[in-house]
Amino acid sequence: MHDFDLVVVGSANADLVIGVERRPAAGETVLGSDLAVHPGGKGANQAVAAARLGARTALLARIGDDDHGRLLLDSQHKAGVDTAGVLVGGAPTGVALITVDPSGDNSIVVSPGANAELTPADVRAAAGLLRSARVVSTQLEIPLETVQEVVRNLVPGNRFVLNPSPPRPLPQDLLAAADPLIVNEHEAHVLLGDSAGATPEDWATALLALGPGSVVITLGAHGALVADAAGMERVPAVQVRAVDTTGAGDAFTAALAWRLALSEPLSTAAAYAARVAALAVTKAGAQESYPTAREIAAD
(Lines give C-alpha, C1' and ligand atoms only; values in the text may rest on other atoms or scores of the structure.)
Protein backbone atom coordinates (compact mmCIF):
# COMPACT_ATOMS: atom_id res chain seq x y z
CA MET A 1 0.00 0.00 0.00
CA HIS A 2 1.39 3.41 -1.01
CA ASP A 3 0.61 6.30 1.33
CA PHE A 4 1.42 8.87 -1.39
CA ASP A 5 0.89 9.10 -5.12
CA LEU A 6 3.84 11.48 -5.35
CA VAL A 7 6.75 12.48 -3.15
CA VAL A 8 8.64 15.50 -4.46
CA VAL A 9 12.25 16.04 -3.37
CA GLY A 10 13.39 19.49 -4.35
CA SER A 11 13.64 23.21 -3.89
CA ALA A 12 11.43 25.75 -2.18
CA ASN A 13 11.94 29.43 -3.03
CA ALA A 14 10.27 32.76 -2.59
CA ASP A 15 9.65 34.16 -6.08
CA LEU A 16 10.32 37.91 -6.29
CA VAL A 17 8.56 38.95 -9.50
CA ILE A 18 8.73 42.21 -11.48
CA GLY A 19 6.89 42.83 -14.73
CA VAL A 20 8.93 44.60 -17.43
CA GLU A 21 8.17 45.92 -20.90
CA ARG A 22 11.31 44.13 -22.04
CA ARG A 23 14.15 42.37 -20.32
CA PRO A 24 17.32 44.51 -19.97
CA ALA A 25 20.40 44.08 -22.11
CA ALA A 26 23.83 43.87 -20.48
CA GLY A 27 24.55 47.07 -18.54
CA GLU A 28 21.02 48.41 -19.03
CA THR A 29 18.48 49.46 -16.39
CA VAL A 30 14.78 48.92 -17.12
CA LEU A 31 11.94 50.15 -14.92
CA GLY A 32 9.36 47.57 -13.95
CA SER A 33 6.16 47.02 -12.00
CA ASP A 34 5.78 46.84 -8.23
CA LEU A 35 7.48 43.84 -6.66
CA ALA A 36 5.25 40.81 -6.06
CA VAL A 37 6.30 37.97 -3.75
CA HIS A 38 4.97 34.48 -4.49
CA PRO A 39 5.74 31.01 -3.12
CA GLY A 40 7.84 29.10 -5.65
CA GLY A 41 10.79 26.78 -6.23
CA LYS A 42 10.60 23.82 -8.58
CA GLY A 43 10.06 21.25 -5.82
CA ALA A 44 7.47 23.26 -3.92
CA ASN A 45 5.72 24.18 -7.17
CA GLN A 46 5.42 20.57 -8.26
CA ALA A 47 4.09 19.49 -4.87
CA VAL A 48 1.39 22.18 -4.87
CA ALA A 49 0.43 21.54 -8.49
CA ALA A 50 -0.01 17.82 -7.88
CA ALA A 51 -1.94 18.28 -4.65
CA ARG A 52 -4.34 20.78 -6.24
CA LEU A 53 -5.12 18.15 -8.87
CA GLY A 54 -5.99 15.62 -6.17
CA ALA A 55 -2.75 13.68 -5.80
CA ARG A 56 -1.74 12.49 -2.34
CA THR A 57 1.49 14.46 -2.18
CA ALA A 58 4.40 14.99 0.19
CA LEU A 59 7.40 17.34 -0.07
CA LEU A 60 10.97 16.80 1.11
CA ALA A 61 12.73 20.18 1.08
CA ARG A 62 14.60 22.66 3.26
CA ILE A 63 13.56 26.24 4.03
CA GLY A 64 14.84 28.98 6.30
CA ASP A 65 13.32 30.03 9.60
CA ASP A 66 12.08 33.29 8.12
CA ASP A 67 9.06 34.98 6.58
CA HIS A 68 9.74 33.50 3.15
CA GLY A 69 9.84 30.03 4.67
CA ARG A 70 6.53 30.60 6.44
CA LEU A 71 5.02 31.83 3.16
CA LEU A 72 6.08 28.57 1.49
CA LEU A 73 4.78 26.35 4.28
CA ASP A 74 1.44 28.15 4.25
CA SER A 75 1.07 27.56 0.51
CA GLN A 76 1.84 23.86 0.90
CA HIS A 77 -0.68 23.48 3.69
CA LYS A 78 -3.41 25.27 1.76
CA ALA A 79 -2.88 22.90 -1.18
CA GLY A 80 -3.04 19.83 1.06
CA VAL A 81 0.62 18.78 0.77
CA ASP A 82 2.08 16.68 3.59
CA THR A 83 4.96 18.81 4.94
CA ALA A 84 6.39 16.42 7.54
CA GLY A 85 9.48 16.19 5.30
CA VAL A 86 10.01 19.96 5.08
CA LEU A 87 13.10 20.78 7.16
CA VAL A 88 13.67 24.23 8.65
CA GLY A 89 16.99 25.98 9.24
CA GLY A 90 20.58 25.92 8.05
CA ALA A 91 20.33 28.99 5.81
CA PRO A 92 17.79 31.59 4.67
CA THR A 93 15.01 30.42 2.37
CA GLY A 94 16.00 30.34 -1.29
CA VAL A 95 14.96 33.25 -3.48
CA ALA A 96 14.25 33.50 -7.21
CA LEU A 97 14.47 36.89 -8.93
CA ILE A 98 12.05 36.82 -11.88
CA THR A 99 11.29 39.29 -14.65
CA VAL A 100 8.18 38.75 -16.78
CA ASP A 101 7.62 40.52 -20.12
CA PRO A 102 4.24 41.34 -21.74
CA SER A 103 4.22 38.05 -23.68
CA GLY A 104 4.44 36.10 -20.40
CA ASP A 105 8.01 34.93 -20.99
CA ASN A 106 10.33 35.12 -18.01
CA SER A 107 13.97 35.21 -16.97
CA ILE A 108 14.99 33.78 -13.59
CA VAL A 109 18.02 34.02 -11.31
CA VAL A 110 18.00 31.76 -8.24
CA SER A 111 19.83 32.21 -4.93
CA PRO A 112 19.65 28.66 -3.51
CA GLY A 113 19.83 29.51 0.20
CA ALA A 114 18.50 26.61 2.28
CA ASN A 115 18.03 24.48 -0.83
CA ALA A 116 21.80 24.02 -0.97
CA GLU A 117 21.66 22.61 2.58
CA LEU A 118 19.35 19.70 1.70
CA THR A 119 21.85 16.87 2.12
CA PRO A 120 22.13 13.16 1.33
CA ALA A 121 21.77 12.56 5.07
CA ASP A 122 18.38 14.32 4.95
CA VAL A 123 17.32 11.94 2.19
CA ARG A 124 18.48 8.88 4.12
CA ALA A 125 16.55 10.09 7.16
CA ALA A 126 13.43 10.34 4.97
CA ALA A 127 13.87 6.96 3.26
CA GLY A 128 10.55 5.76 4.64
CA LEU A 129 8.82 8.70 2.96
CA LEU A 130 10.31 7.73 -0.40
CA ARG A 131 9.30 4.10 0.02
CA SER A 132 5.71 5.18 0.62
CA ALA A 133 5.35 6.78 -2.84
CA ARG A 134 4.22 5.44 -6.17
CA VAL A 135 6.27 8.14 -7.91
CA VAL A 136 9.27 10.12 -6.65
CA SER A 137 10.07 13.32 -8.54
CA THR A 138 13.07 15.61 -8.29
CA GLN A 139 14.93 18.41 -10.08
CA LEU A 140 18.36 20.06 -9.91
CA GLU A 141 17.79 23.12 -7.71
CA ILE A 142 19.18 21.03 -4.85
CA PRO A 143 22.70 19.51 -4.68
CA LEU A 144 23.42 16.82 -7.26
CA GLU A 145 24.69 14.43 -4.60
CA THR A 146 21.34 14.76 -2.83
CA VAL A 147 19.49 13.83 -6.02
CA GLN A 148 21.80 10.82 -6.42
CA GLU A 149 20.99 9.79 -2.85
CA VAL A 150 17.29 9.84 -3.77
CA VAL A 151 18.02 7.25 -6.47
CA ARG A 152 19.99 5.09 -4.05
CA ASN A 153 17.01 5.04 -1.68
CA LEU A 154 14.38 4.04 -4.24
CA VAL A 155 12.77 0.63 -3.84
CA PRO A 156 10.88 -1.62 -6.26
CA GLY A 157 7.51 -0.02 -6.81
CA ASN A 158 8.90 3.54 -6.94
CA ARG A 159 8.89 5.27 -10.32
CA PHE A 160 11.49 8.03 -10.62
CA VAL A 161 10.73 11.22 -12.56
CA LEU A 162 13.64 13.57 -13.20
CA ASN A 163 13.40 17.14 -14.49
CA PRO A 164 17.07 18.19 -14.88
CA SER A 165 16.55 21.90 -14.39
CA PRO A 166 18.70 23.93 -14.23
CA PRO A 167 20.47 21.60 -16.69
CA ARG A 168 23.94 20.15 -16.31
CA PRO A 169 25.70 16.97 -17.45
CA LEU A 170 24.26 14.04 -15.50
CA PRO A 171 25.90 10.92 -14.05
CA GLN A 172 24.83 7.57 -15.43
CA ASP A 173 23.00 6.48 -12.28
CA LEU A 174 20.53 9.36 -12.60
CA LEU A 175 19.99 8.90 -16.31
CA ALA A 176 19.40 5.16 -15.93
CA ALA A 177 16.88 5.66 -13.13
CA ALA A 178 14.77 8.33 -14.86
CA ASP A 179 11.43 7.12 -16.24
CA PRO A 180 10.76 9.62 -17.65
CA LEU A 181 13.46 12.22 -18.08
CA ILE A 182 11.54 15.47 -18.68
CA VAL A 183 13.38 18.25 -20.53
CA ASN A 184 12.68 21.32 -22.61
CA GLU A 185 14.65 22.21 -25.74
CA HIS A 186 17.36 24.09 -23.85
CA GLU A 187 17.82 21.29 -21.31
CA ALA A 188 18.00 18.69 -24.08
CA HIS A 189 20.79 20.61 -25.79
CA VAL A 190 22.77 20.98 -22.56
CA LEU A 191 22.57 17.23 -21.92
CA LEU A 192 23.42 16.29 -25.51
CA GLY A 193 25.86 18.99 -26.56
CA ASP A 194 26.92 18.84 -30.20
CA SER A 195 25.22 15.45 -30.66
CA ALA A 196 21.73 16.90 -30.20
CA GLY A 197 20.61 16.74 -33.83
CA ALA A 198 18.14 19.00 -35.59
CA THR A 199 14.67 17.84 -34.52
CA PRO A 200 12.90 16.87 -31.30
CA GLU A 201 12.80 13.31 -32.60
CA ASP A 202 16.59 13.44 -32.95
CA TRP A 203 16.92 14.76 -29.40
CA ALA A 204 14.64 12.06 -28.03
CA THR A 205 16.59 9.32 -29.78
CA ALA A 206 19.88 10.64 -28.43
CA LEU A 207 18.49 11.09 -24.92
CA LEU A 208 17.11 7.55 -24.82
CA ALA A 209 20.56 6.30 -25.81
CA LEU A 210 21.87 7.83 -22.56
CA GLY A 211 19.84 5.33 -20.55
CA PRO A 212 16.50 6.66 -19.24
CA GLY A 213 13.47 4.42 -19.46
CA SER A 214 11.51 7.13 -21.26
CA VAL A 215 11.85 10.75 -22.34
CA VAL A 216 9.42 13.66 -22.50
CA ILE A 217 10.46 16.80 -24.36
CA THR A 218 8.28 19.87 -23.76
CA LEU A 219 8.06 22.14 -26.80
CA GLY A 220 6.07 25.14 -25.57
CA ALA A 221 3.48 26.20 -28.12
CA HIS A 222 4.31 23.09 -30.16
CA GLY A 223 3.20 20.68 -27.42
CA ALA A 224 5.44 17.82 -26.33
CA LEU A 225 7.12 14.68 -27.59
CA VAL A 226 7.07 11.43 -25.62
CA ALA A 227 9.45 8.59 -26.39
CA ASP A 228 10.36 5.18 -25.03
CA ALA A 229 11.50 1.82 -26.40
CA ALA A 230 8.10 1.34 -28.06
CA GLY A 231 8.34 4.51 -30.16
CA MET A 232 7.61 8.23 -30.20
CA GLU A 233 4.43 10.28 -30.19
CA ARG A 234 3.71 14.00 -30.49
CA VAL A 235 1.33 15.53 -27.94
CA PRO A 236 -0.39 18.68 -29.25
CA ALA A 237 -0.33 21.94 -27.34
CA VAL A 238 -3.43 23.56 -25.86
CA GLN A 239 -3.80 27.09 -27.26
CA VAL A 240 -4.31 29.80 -24.64
CA ARG A 241 -3.36 33.45 -24.11
CA ALA A 242 -0.28 33.38 -21.89
CA VAL A 243 -0.12 35.86 -19.01
CA ASP A 244 2.86 34.43 -17.07
CA THR A 245 4.80 31.27 -17.92
CA THR A 246 6.51 31.10 -14.50
CA GLY A 247 6.14 27.58 -13.12
CA ALA A 248 4.39 26.16 -16.20
CA GLY A 249 7.02 23.46 -16.62
CA ASP A 250 6.56 22.48 -12.99
CA ALA A 251 2.79 22.21 -13.49
CA PHE A 252 3.43 19.93 -16.48
CA THR A 253 5.87 17.73 -14.57
CA ALA A 254 3.61 17.43 -11.53
CA ALA A 255 0.53 16.54 -13.57
CA LEU A 256 2.48 14.00 -15.60
CA ALA A 257 3.94 12.39 -12.48
CA TRP A 258 0.52 12.12 -10.88
CA ARG A 259 -1.08 10.51 -13.91
CA LEU A 260 1.81 8.04 -14.10
CA ALA A 261 1.10 7.21 -10.44
CA LEU A 262 -2.40 6.30 -11.64
CA SER A 263 -0.80 3.92 -14.20
CA GLU A 264 -1.80 5.94 -17.26
CA PRO A 265 0.25 5.47 -20.45
CA LEU A 266 2.97 8.05 -20.93
CA SER A 267 1.31 9.78 -23.90
CA THR A 268 -2.05 9.99 -22.08
CA ALA A 269 -0.37 11.43 -19.00
CA ALA A 270 1.50 13.96 -21.13
CA ALA A 271 -1.69 15.11 -22.86
CA TYR A 272 -3.30 15.71 -19.46
CA ALA A 273 -0.17 17.53 -18.28
CA ALA A 274 -0.29 19.81 -21.34
CA ARG A 275 -3.82 20.89 -20.37
CA VAL A 276 -2.73 21.62 -16.81
CA ALA A 277 0.28 23.68 -17.93
CA ALA A 278 -1.85 25.59 -20.43
CA LEU A 279 -4.32 26.67 -17.77
CA ALA A 280 -1.46 27.62 -15.44
CA VAL A 281 -0.01 30.20 -17.84
CA THR A 282 -3.33 32.07 -18.03
CA LYS A 283 -2.80 33.44 -14.49
CA ALA A 284 0.03 35.35 -12.80
CA GLY A 285 2.44 33.62 -10.45
CA ALA A 286 3.42 29.99 -10.13
CA GLN A 287 1.61 28.16 -7.34
CA GLU A 288 -1.34 30.56 -7.31
CA SER A 289 -1.92 29.82 -10.99
CA TYR A 290 -2.19 26.03 -10.73
CA PRO A 291 -5.61 24.63 -11.61
CA THR A 292 -7.65 22.24 -9.52
CA ALA A 293 -9.01 18.95 -10.83
CA ARG A 294 -12.44 20.58 -11.06
CA GLU A 295 -11.08 23.39 -13.24
CA ILE A 296 -9.39 20.89 -15.55
CA ALA A 297 -12.61 18.88 -15.85
CA ALA A 298 -14.56 22.02 -16.70
CA ASP A 299 -12.05 23.23 -19.29
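Residues numbered from 1 in each chain as written. Predicted model: local features only at pLDDT ≥ 70, side-chain atom pairs only at ≥ 80, totals over all residues. Heavy atoms only, no water.

Asker: Quick rundown of the layout of surface pockets? Include the residues and the values.
Answerer: Taken as a whole, the largest pocket holds about 1400 Å³ of empty space. If you go around the largest pocket, you meet 49 residues; those closest to its centre are Asn 184, Thr 245, Ala 248, Gly 249 and Asp 250. For the lining of the largest pocket, the secondary structure elements donating two or more residues are β2 (13–19), α1 (42–53), β6 (94–100), β7 (106–111), β10 (181–184), α7 (185–192), α9 (248–261) and α10 (266–280). For the lining of the largest pocket, the per-class residue count stands at 25 nonpolar, 18 polar and six charged. When its volume is computed, the second largest pocket comes out at roughly 160 Å³. (1 Å grid on protein atoms, 1.4 Å probe; cavity = no way out; pocket = protein on both sides within 12 Å on 5 of 7 lines; lining within 4 Å. Points joined across faces, edges and corners; volume = space filled by probe spheres on them. Helix = DSSP H or I, 4+ residues; strand = E, 2+ residues; numbered from the N terminus. Nonpolar A, V, L, I, M, F, W, Y, C, P; charged D, E, K, R; others polar.)

Asker: Let's hear about the pairing of strand β12 (residues 224–228): which residues, and what values?
Answerer: It is a general feature of regular strands that their side chains alternate between the two faces of the sheet. With four of five residues buried, β12 is to be regarded as a mostly interior element. In terms of strand pairing, strand β11 (residues 214–218) meets β12 through five bridges, oriented antiparallel. Bridged to Val 216 within β12 is Val 226. Taken together, β11 and the strand that follows it, β12, pair antiparallel across an intervening segment of five residues, in which Gly 220 is found at a positive phi of about 60 degrees. Relative to strand β13 (residues 231–235), β12 runs antiparallel, the two being bridged by five bridges. Within β13, the residue paired with Asp 228 across the bridge is Gly 231. Between β12 and β13, which pair antiparallel in sequence order, lie two residues. (Buried < 20%, exposed > 50% of the residue type's maximum accessible area, 1.4 Å probe, protein only. Pairing = 2+ DSSP bridges.)

Asker: Pulling in residues and values, what's your account of the pairing of strand β9 (residues 159–162)?
Answerer: Sheet topology note: the strand β8 (residues 133–138)/β9 ladder contains four bridges and is parallel. From the neighbouring strand, Ser 137 faces β9, where its bridge partner is Val 161. Taking the sense of rotation as the criterion, the β-α-β connection linking β8, helix α5 (residues 144–152) and β9 turns out right-handed. (Right-handed = clockwise from strand over helix to strand, strands pointing away.)

Asker: Which residues make up the nonpolar core, and what are the values?
Answerer: Ranked by internal contacts, the top residues of the largest apolar core, which has 47 residues, are Leu 59, Phe 252 and Leu 256. Secondary-structure elements contributing two or more residues to this core are β1 (4–9), α1, β4 (57–63), α2 (67–79), β12, α9 and α10. Top contributing element to this core by residue count: α10, with ten residues. Aside from chain neighbours lying at most four places away, what touches Leu 59 is Val 8, Gly 43, Ala 44, Ala 47, Gln 76, Val 81, Asp 82, Gly 85 and Val 86. Counting residues in hydrophobic clusters, the runner-up holds 39 residues, among them Leu 118, Leu 162, Trp 203 and Val 215. (Core = buried A, V, L, I, M, F, W, Y, C linked by side-chain atoms within 4.5 Å. Contact = heavy atoms within 4.5 Å.)

Asker: Describe in detail the sheet that holds β7, supporting the description with residues and values.
Answerer: Pairing in this open sheet of four strands is mixed, and the strands run β3-β2-β6-β7 from one edge to the other. Strands at the two margins of the open sheet, each flanked by one partner only, are β3 (36–40) and β7. Neighbour-to-neighbour, the strand axes of the sheet open up by a mean angle of 25 degrees, direction not taken into account. Lying on the sheet, α2 is in contact with β2, β3 and β6; it crosses β3 at an angle near 60 degrees. (Axes fitted to C-alpha atoms, helices over the stretch in contact; angles between N-to-C directions.)

Asker: An account of the packing of aromatic side chains is needed here, citing residue identities and associated values.
Answerer: Given two aromatic rings, one states the distance between the centres and the angle between the planes to describe the pair. Inspection of every chain in the model, using the stated rule, returns one aromatic pair. Positioned above the aromatic ring of Trp 258, the side-chain terminus of Arg 259 is 4.8 Å from the ring centre. (Phe/Tyr/Trp six-rings, centres within 6.5 Å; stacked < 30°, edge-to-face > 60°. Lys NZ or Arg CZ within 6 Å of the ring centre and 35° of its normal.)

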